[in-house]
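Working through the structure, step by step
Here is how the chains run, residue by residue.
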Amino acid sequence: MKFLLLLVTLTACAATPQDLSGKMFIFPQQTNTAHVSLTASRQGFGAATVCHRSFTDLKRDHALFSLATRSSANDFLIFWDDANKEMKPHIKNGKTEYKGLDYKSNMWHSICTTWDSESGLVQLWFDGQPSIQKFLSSGSNISGSTIITLGQEQDSYGGAFDLKQCFIGMMSDVHMWDYALSPCEIQKYVDELNFTPGNVLSWSALEFQITGRVLIEDKQKLCS
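Because the structure is a prediction, the values reported are computed rather than measured.

What to know about the confidence of the model for the chain
Of all residues in the chain, 93% attain a pLDDT of 70 or more, and the chain-wide mean is 91. Counting interchain partners and residues more than four positions distant, the pLDDT-below-50 stretch residues 1-14 has 31 contacts.

Below you can see the structure in the form of C-alpha cells.
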C-alpha cells in the first residue's frame with residue numbers, strides 16, 4: 001500500500017478542505033515537532049462535541065485532541081493520564097477524570113466528549129459507552145482565535161510541545177460540532193452509520209496542515 005508522506009510547514013499556503021473518508025493520519029515516531037493543525041470553520045463555542053478514533057500502543061501520557069486560545073492553552077483538551085489510567089477532558093483550563101476505561105493497546109477506540117457552558121456538564125463516551133456527567137465549567141464560552149492540533153499537546157498557544165506527551169499511532173474520523181451531540185447521534189458515529197458530520201471540523205471536508213513526519217494512508221481493514 002502506497003504511503004503519501006506530507007511534509008508541510010505552518011508557513012505553507014492555506015490548505016483546501018479534503019475528503020479523508022477511509023483515510024487515517026499516522027504519527028510514526030516520538031517527536032516534539034510533528035503534528036497536524038486543523039482549521040475550524042467557526043470560532044467561539046458555548047457548547048462542543050469532539051469525536052475521533054485512535055489506535056496506539058503507548059504506555060505513557062499522551063494528548064488526543066488539543067484546542068488552545070490565546071487566553072487558555074487547554075480550552076478543550078482530551079488527554080490520557082497513563083499513571084492513573086484516566087482519560088482527562090480539560091475545558092477552559094479546568095479538568096476532570098474518568099477511570100475504569102478499557103483503553104487497550106493496538107486496537108481502535110472511538111472517543112466522544114461533550115460539553116455545554118450553560119449547564120457546565122461534560123460527558124465522555126468511550127467506544128459507545130457513556131460515562132457519568134460531571135460539572136466542569138459553566139457561564140463562559142470558548143472564545144477567541146483557536147489553534148487545534150493532533151499529535152501534540154499545546155502548553156502555550158500553538159506550541160510548547162512536550163516530547164513525553166506526543167501521540168504515536170493512528171488517528172481517523174475527527175469531527176467537532178458546536179453543540180452537545182445527542183446519544184443517538186454519538187451511537188451512529190461509533191457504529192459508522194449515517195451521522196451528521198461535524199459543523200466545526202468534518203473528516204469529509206477537513207482543512208489541515210501537516211508539520212513534520214505525519215503520513216496519510218488508507219485505513220486498514222481485516223479480511224472477514
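Regarding the environment of Leu-38
Structurally, the position occupied by Leu-38 is in strand E3 (residues 35-38). Separated by 111 residues in the primary sequence, Leu-38 and Thr-149 place their C-alpha atoms 6.1 Å from one another. Excluding its chain neighbours within four sequence positions, the residues that come into contact with Leu-38 are Ile-148, Leu-150, Val-174, Leu-201, Leu-206, Glu-207 and Phe-208.

Notes on the environment of Leu-101
Mapping Leu-101 onto the fold places it in the loop between strand E8 (94-95) and strand E9 (109-116). On the basis of relative accessible area, Leu-101 is assigned to the partly exposed category, the value being 22%. Linking Leu-101 and Glu-86, residues 15 residues apart in sequence, is a C-alpha distance of 7.5 Å. Apart from residues no more than four positions distant in its own chain, Leu-101 is found in contact with Met-87, Leu-124 and Phe-126.

Regarding the nonpolar core
Counting 41 residues, the largest nonpolar core has Phe-25, Phe-65, Phe-76 and Met-176 as the members making the most contacts within it. If near-sequence neighbours (up to four positions away) are discounted, Phe-76 is found in contact with Ala-48, Val-50, Phe-65, Ser-66, Leu-67, His-90, Ile-91, Thr-113, Trp-115 and Ile-142.

Details of the sheet that holds strand E6 (residues 72-81)
Judged by pairing direction, the sheet is antiparallel, and its seven strands sit side by side in the order E8-E7-E6-E5-E13-E3-E15 without closing on themselves. Taken across any chain shown, the strands that pair with only one partner, and hence form the sheet edges, are E8 and strand E15 (208-211).

About the criteria used
Residues numbered from 1 in each chain as written. Predicted model: local features only at pLDDT ≥ 70, side-chain atom pairs only at ≥ 80, totals over all residues. Heavy atoms only, no water. pLDDT = per-residue confidence, 0-100. Contact = heavy atoms within 4.5 Å. Helix = DSSP H or I, 4+ residues; strand = E, 2+ residues; numbered from the N terminus. Buried < 20%, exposed > 50% of the residue type's maximum accessible area, 1.4 Å probe, protein only. Core = buried A, V, L, I, M, F, W, Y, C linked by side-chain atoms within 4.5 Å. Pairing = 2+ DSSP bridges.

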